[in-house]
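Here are the chains, one letter per residue:
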Amino acid sequence: MFPTPLHQTRPATQWLFRIGLPLALLVWLLPIIAVLMTSVRGAADLSNGNYWGLPSDWRILENYTAVFRSTPLAGFILNSFLVTIPTVIGALALACMAGFALGVYRFRLNLLVFFLFVGGNFVPFQILMVPVRDLSLRLGLYDSIAGLALFHIAFQTGFCTFFMRNFIRELPRELIEAARVEGASEIQIFYKVVLPLVRPAVAALSVLVFTFIWNDYFWATVLIQGNHAMPVTGGLKSLNGMWVAQWHLVSAGSIVAALPPVAIFFLMQKHFIAGLTFGATKG
Amino acid sequence: MKQKHKHNLRKIALLSALLVASGWAISGDLVINTDASDPAPKAAFDALVKGFEKANPDVHVKVNTFDHEGYKTSIRNFLTAEAPDLANWYAGNRMAPFVNAGLFEDVSDVWAKEGLNESLKSAAASMTINGKKWGIPYTYYQWGVYYRKDIFAKLKIAEPKTWDDLIKACATLKANKVTPFAIGTKATWTTGGWFDYLDMRVNGYEFHMDLTSGKVPYTDARVQAVFDKWDQLTKPNYYLANHASYQWQEALPAFVKGDAAMYLMGNFAVAPMKEAGLKEDQLGFMQFPEITKGLPKAEDAPTDTLHIPAKAKNKVDAKRFLAYMAKPEVQTEMNGILGQLPVNKNATRPEDTYLKAGFNMLSNAYALGQFYDRDAPAEMAKAGMDGFQQYMLKPADRKAILERLEQVRQRVYK
Amino acid sequence: MNRLESFADHAPTHPVPATTWWSRHQMRLVPWLFLSPALAMFLLYVIAPIFQSIAISFYDWDGLGAAKYIGLDNYRELLHDPDFFTALKNNVIWFFGFLLALPLGLGLALALNQQMFGIRLAKSLFFFPFVISQVVIGLVFSWFYDPSNGLLLHVLGWLGMDPVAVLSDENLVTYGIVVAGLYPQTAYCMILYLTGLNNLRPDLIEAARLEGAKGWTMLYHIVLPQLRPATFIAVVVTIIGSLRSFDMISIMTQGGPYGQSRVLAYYMYEQALSEYGYRMGYGTAIATVLFLLMLVYIVYVLFRVYQQEKESD
């Protein structure tokens, strides 16, 4: 392996590494530690400019309960779930079907449609902004969770189809041929042969899509206005008061809002990384 | 017999269902969209709605609360699609896009009927476009210079009444290592306050209104005169260093710690100042000093308002709501909760030291500006405030900045 | 003579078709059947809007009233707009600055590619910033840069340097935001490279070691070529990310000071949908320019993917 395995280096280097690594980690995570620290401060600290020192006033319980009691954070988090979970299900369902079609069958427009999905995934959001907003208005879906979820399902289909199609293409053809010989219809092949085999890809994608949608800020602010439907990314800024920023509440809210994707990341690390790095190892 | 009875019942049910489905309000239903998302404004609105429903039991009110910032974008959508019966907004030129697009309802009749041209006189001009009234103002707050009474006392500085007094005070402060003015311009609207006051004190209210409605070029000599005066503050570095990195409340620590001695701000700044530990005997409030001798003093007093969208369903009850909201006792109660000033001149004067000072100042003001970003149209306001921020950081760029603002003016005020 | 015998005696002259219309055509129809829901959504929400935006850019429209056709006037105005060129300049800075995530990520990956107690936890924690919303990261970096209370001030003080107000200095602000953006992006590249390093061929490494290669030579000649797929993905995602950057700028400076940190993505939003922006036509013109710039790169990526497809067929 590269670089030289640690146990083969000089003891001095080993110790340097063992001490250096936690230190480096501390510096690397400093921004997150800062958010944690701010979330347990009182407002007086912030008006006085005490951003980095120890809190003069530890308000862990107060801030974290205040952020639920006197702000709409709980509703924002619920909204985030209501947008993210249907998006994951919808995008994956559509992508499995589309990936199956593009990965198993040869037909003339196959590559063109595939490129459409790949290229469309890379367009800047801004070129979509005004028409998608108008479309949502006309469909009566503006400022609604359904409207935001529908957009995300449609957009994520690009990346997910690319992913599933490549994965399905790698599946052993013999299985499909064998099923055909046994008289299975194509639809049955999809359900009985392909779907069970793509489970790891589905797991990886669902973890990824969950994180992307949960952390989306741009579309949450473009398509949602009212607190009734606002997800937590757009809602965090509104935790600030009309005139006075309440950074301690915003920090507490940020920590709470970060928990679901973080939990998913730690629980499903393997799938997460598999999803991100798919294709990174193909020769 | 029974058959016919059932048949009739079914007909009535069907008819009601049709009526409800077609959106007709059977009873008095009122929908209000508001941006009162903060605790105090929200409580004030709740009290307002409760009071109205008690006085008008036949009307049921539904309140939709939007986030204060998000509201500014949402309003553009819900005025055209799914309009409520009443909506919050602001006075002055900020109303113009909606008035010109025919999205607000003319409420001059409510003003006439309730005698509001008298009782809401101070805000009447800012609610008028093309001679008609477009909404009801219910609260405003004062702008002025908050200053450290204790630092002034220590350095033996008297409250400045004229521009020369102010400059002398700044020099003394600076010599004693105190920054004269705290300010945070990361959100550029704070620069608008400075430009407003300098312009109104140098050239007067009428000129300022002409400028913000696009009748005067930004390269005009009178605008240059404003910047000449401003130079006396920017060139000697009398403003807080690196103010473009701070939001207005991030500049508060300097003021609270005594590193800066004055702050031109709205009254909403008092609460966080007190929360950070400033006591009333340390915190003074003064009107922005006179510059051009003898010029009557106008003040900035941004006003919050309620309007009826042109596409509202229940305009009759909406007008009743507006009339109710204009009453002196209602405005007293709301502003008691808001901590701001009632517009109705017959309302009860507030008790708080700073509000009392503000009430006196505004009741005697020559006229009320709505603040640069509400008096000037949105696009001009953004370019203007960005320009003012650039000027405050680099006073030498003045000529280029004013020329660019003039270009924007010519395009915006077509 | 019974019926059955007569049937049996008469063998059919040609086989009776035992298949239905569906089973005959399913090979051709099934792909489109499975493709249509995804394709329909994608066309409706992604492809059609691109053309609609381009169309709107030929109008003068405030989003409230009627739209007025003005042809190429929006684009002519763009050519004379100093803010547009500032945004373009900043996009270039983002483009090159963001690519630093690759060497930084590679460095981290190399450092962490060890077997050691707790290394898995360390890897997860180094990856952490990618999982957190950009809003939070932007917020924290704003505090970090605060010229009177920020951590940067303290660090510069230890190094004996004067305080620098990064976010209010027109020359430094974009670099300051790019640094904030590099935080999660480096984490992402790190993971890509870690996975790539996991899949290095040990026989090649051993062979090179036996020949005495180590350090930079080993990296350059043996390791990097094997990491090419990872690098390709990293480059694509990073470049697309750099041109798309919006969240950080919106949170940290709102395009300031006086518009000096604007990028095209943010400028477009300001013009069309923000509190002070009622110009849909102008905004979509900016978006169209951004789209055309990215289209160049998208076509290049598609071309490379096409080459890969042909190779693997």
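Reading the values: rules and limits
- Residues numbered from 1 in each chain as written.
- Chains lettered and ligands numbered in written order.
- Predicted model: local features only at pLDDT ≥ 70, side-chain atom pairs only at ≥ 80, totals over all residues.
- Heavy atoms only, no water.
- Helix = DSSP H or I, 4+ residues; strand = E, 2+ residues; numbered from the N terminus.
- Rg over C-alpha atoms; globule rule 2.2 N^0.38 Å.
- Buried < 20%, exposed > 50% of the residue type's maximum accessible area, 1.4 Å probe, protein only.
- Contact = heavy atoms within 4.5 Å.
- Lys, Arg positive; Asp, Glu negative; His and termini not counted.
- Charge placed at Lys NZ, Arg CZ, Asp CG, Glu CD.
- Buried area = accessible area lost by both parts, 1.4 Å probe.
- Salt bridge = Lys/Arg side-chain N within 4 Å of Asp/Glu carboxyl O.
- Polar contact = N/O pair within 3.5 Å; in protein donor to acceptor, adjacent residues only side chain to side chain.
- Nonpolar A, V, L, I, M, F, W, Y, C, P; charged D, E, K, R; others polar.
- Core = buried A, V, L, I, M, F, W, Y, C linked by side-chain atoms within 4.5 Å.
- Phe/Tyr/Trp six-rings, centres within 6.5 Å; stacked < 30°, edge-to-face > 60°.
- Lys NZ or Arg CZ within 6 Å of the ring centre and 35° of its normal.
- Pairing = 2+ DSSP bridges.
- Axes fitted to C-alpha atoms, helices over the stretch in contact; angles between N-to-C directions.
- Left-handed = near helix turned anticlockwise from the far one by under 90°.
- Parallel < 35°, antiparallel > 145°, perpendicular 65-115°, else oblique.
- pLDDT = per-residue confidence, 0-100.
- Patch = residues over 30% accessible without salt bridge, like charges linked within 9 Å, V, L, I, M, F, W, Y side chains within 5 Å.
- Areas by Shrake-Rupley, 256 points an atom, 1.4 Å probe, with all protein chains shown as cover.
- Disulfide = S-S within 2.5 Å.

A few points about the overall build of chain A
Along chain A, the regular secondary structure elements total 15 helices and zero strands. For chain A, whose C-alpha radius of gyration is 24 Å, the value lies well above the compact-globule estimate of 19 Å for 283 residues. Taken over 283 residues, chain A has a buried fraction of 60%. Within chain A, residue pairs in contact and separated by at least 24 positions form 74% of the contacts whose partners lie at least 6 positions apart. One way to put it: in chain A the 18 positive side-chain charges average out to a point 6 Å from where the 11 negative ones average out.

Here's the deal with the interface of chain C and chain A
With 104 residues of chain C at the contact, the number on the chain A side is 100 residues. Summing both partners gives a buried area of about 9,200 Å² for chain C against chain A, and 78% of it is carried by carbon and sulfur. Sorting the residues of chain C by area buried against chain A places Phe34(C), Tyr45(C) and Trp143(C) first, and these three jointly supply 9% of that buried surface. For the interface between chain C and chain A, the tally reads two salt bridges. The salt bridge partner of Arg165(A) is Glu309(C), with a shortest N-O separation of 2.8 Å. Taken together, the links from chain C to chain A amount to nine residue pairs in polar contact (both at pLDDT 80 or more). The element that contributes the greatest number of residues to the side of chain C that touches chain A is helix H2 (residues 21–56) of chain C, accounting for 24 residues. Across the side of chain C that touches chain A, the residue classes break down as 78 nonpolar, 19 polar and seven charged.

Quick word on the interface of chain B and chain C
If you look at the interface, chain B gives 30 residues, while chain C gives 29 residues. For the pairing of chain B and chain C, the buried interface totals around 2,500 Å² over both sides, and the portion due to carbon and sulfur atoms is 52%. Among the residues of chain B in contact with chain C, Arg76(B), Lys186(B) and Lys382(B) are the three that bury the most area, contributing 24% of the side total. Taken together, the connections running from chain B to chain C amount to five salt bridges. Measuring nitrogen to oxygen at the nearest pair gives 2.8 Å for the salt bridge that ties Glu170(C) to Lys394(B). Run the count over chain B and chain C and you get seven residue pairs in polar contact (both at pLDDT 80 or more). Taken together, the elements giving at least two residues each to the side of chain B that touches chain C come down to helix H3 (68–78), helix H4 (96–100), helix H19 (378–393) and helix H20 (398–412) of chain B. Among the elements that line the side of chain B that touches chain C, the one with the most residues is H19(B), at nine residues.

Overview of the nonpolar core
Judged by nonpolar contacts, the single largest core of 198 residues is most densely connected at Phe100(A), Val123(A), Leu128(A), Trp219(A), Phe272(A), Phe127(C) and Met190(C). What Phe272(A) contacts, discounting residues up to four positions off in sequence, is Val207(A), Leu208(A), Thr211(A), Phe265(A), Phe127(C), Phe130(C) and Val131(C).

Considering the packing of aromatic side chains
Throughout the structure, instances matching the rule amount to 79 aromatic pairs over all chains. Of the aromatic side chains, those joined through ring pairs into one cluster are Phe125(A), Phe151(A), Phe155(A), Phe218(A), Trp219(A), Tyr45(C), Phe246(C), Tyr266(C) and Tyr269(C). Lying across the ring of Phe114(A), Arg165(A) places its NZ or CZ 3.8 Å from the centre. Across from the ring centre of Trp111(B), 5.1 Å away, lies the NZ or CZ of Lys133(B), which sits over that ring.

Points about the pairing of strand E3 (residues 86–90) of chain B
Residues and elements named next belong to chain B. Here E3 lies mainly inside the structure; five of its five residues are buried. In terms of strand pairing, strand E1 (residues 28–34) meets E3 through two bridges, oriented parallel. Bridge assignment links Asn33 to a residue of E3, and that residue is Ala87. As paired elements, E3 and strand E12 (residues 303–307) share four bridges and run antiparallel to each other. Bridge pairing in E12 places Trp89 opposite Thr305.

Focus: the packing of helix H9 (residues 173–181) of chain A against helix H10 (residues 186–197) of chain A
Residues and elements named next belong to chain A. At a minimum axis distance of 10 Å, the contact between H9 and H10 shows a crossing angle of 145 degrees. Read as a crossing pair, H9 and H10 show a hand that is right-handed. Along its contact with H9, which presents Leu175, Ile176, Ala179 and Arg180, the element H10 presents Glu186, Ile189, Val193, Val194 and Leu197. Taken together, the residues that form the contact of H9 with H10 break down as seven nonpolar, no polar and two charged.

Quick look at the pattern of salt bridges
The tally for this structure, following the rule as stated, stands at 37 salt bridges over all chains. Note that Arg169(A) is salt-bridged to Glu309(C), the shortest N-O span being 3.0 Å. Note that Arg169(A) is positioned in helix H8 (residues 145–169) and Glu309(C) in helix H15 (residues 280–312), a pairing that runs across two chains. Exposure remark for Arg169(A): the relative accessible area of 26% places this residue in the partly exposed category. Across the pair Arg262(C) and Asp386(B) runs a salt bridge, and its minimum N-O distance is 3.6 Å. With Arg262(C) in the loop between helix H13 (247–252) and helix H14 (264–273) and Asp386(B) in helix H19, this residue pair bridges two chains. We note that Arg262(C), like Asp386(B), is buried. Overlapping salt bridges, with partners in common, bring together Lys382(B), Asp386(B), Asp83(C), Arg262(C) and Glu270(C) in one network.

A closer look at unusual backbone geometry
The residue Asp143(A) is not glycine, and still its phi comes out positive at about 60 degrees. With respect to the helices, strands and loops of the structure, Asp143(A) is situated in the loop between helix H7 (126–138) and H8. Despite not being glycine, Gln254(C) shows a phi value in the positive range, around 50 degrees. With respect to the helices and strands, Gln254(C) occurs in the loop between H13 and H14.

Details of the sheet that holds strand E9 (residues 260–266) of chain B
All names here are of chain B. Spatial strand order, E8-E9-E7-E10: four strands in an open sheet with mixed pairing. Each edge of the sheet is formed by a strand with only one pairing partner; in this case those strands are strand E8 (179–182) and strand E10 (283–286). On average, each strand axis in the sheet is tilted by 25 degrees relative to the strand beside it, whichever way the strands run. Relative to E9, E8 is paired through three bridges, and the arrangement is parallel. Each residue of the ladder has a partner; that of Phe181, found in E9, is Met262.

Topic: the packing of helix H1 (residues 11–28) of chain A against helix H6 (residues 119–131) of chain C
Across the interface, H1(A) lies against H6(C) with an axial gap of 10 Å and an inter-helix angle of 20 degrees. As summarised for this structure, H1(A) and H6(C) are arranged roughly parallel, according to the angle between their axes. Regarding H1(A) and H6(C), the two cross each other, and that crossing is left-handed. Of H6(C), the residues touching H1(A) (which contributes Leu21(A), Ala24(A), Leu25(A) and Trp28(A)) are Ile119(C), Ala122(C), Leu125(C), Phe126(C) and Pro129(C). For the contact of H1(A) with H6(C), the per-class residue count stands at nine nonpolar, no polar and no charged.

Some details on the side chain of Gln390(B)
Locating Gln390(B) in the fold gives a position in helix H19. With residues near it in sequence (within four places) discarded, Gln390(B) still touches Asp397(B), Ile401(B), Arg404(B) and Tyr258(C).

Here we look at the sheet that holds E1(B)
Residues and elements named next belong to chain B. Overall, mixed pairing links the five strands, which are arranged E2-E1-E3-E12-E6 in an open sheet. Only two strands of the sheet have a single partner each, and these edge strands are strand E2 (59–65) and strand E6 (136–140). On average, each strand axis in the sheet is tilted by 25 degrees relative to the strand beside it, whichever way the strands run. Examined bridge by bridge, E6 and E12 share four bridges and lie antiparallel to one another. Counterpart to Thr139 in the pairing with E12 is Asp304.

Quick look at the confidence of the model for chain A
Here chain A averages 85 in pLDDT, while 93% of its residues score no lower than 70. Mean pLDDT values for the elements of chain A range from 70 in helix H3 (residues 43–47) of chain A up to 94 in helix H5 (residues 73–104) of chain A.

Points about a nonpolar patch on the surface
All names here are of chain C. Together, Trp21, Trp22, Leu29 and Leu33 make up a nonpolar patch on the protein surface, roughly 400 Å² of accessible area in all. Within the secondary structure, Trp21 sits in helix H2. For Trp21, a relative accessible area of 52% translates into the label exposed.

Quick word on the state of the cysteines
All names here are of chain A. In total, this model carries zero disulfides over all chains according to the counting rule given. Cys160 supplies the cysteine sulfur nearest to Cys96, a cysteine that is in no disulfide, at a spacing of 8.8 Å. The class for Cys160 is buried, based on a relative accessible area of 0%.

Topic: the pairing of E10(B)
Residues and elements named next belong to chain B. The alternating pattern of E10 places Leu283 and Phe285 and Gly284 and Met286 on opposite faces, both of which are buried. Where strand E7 (residues 143–148) meets E10, four bridges bridge the pair, whose relative direction is antiparallel. Bridged to Val145 within E10 is Met286.

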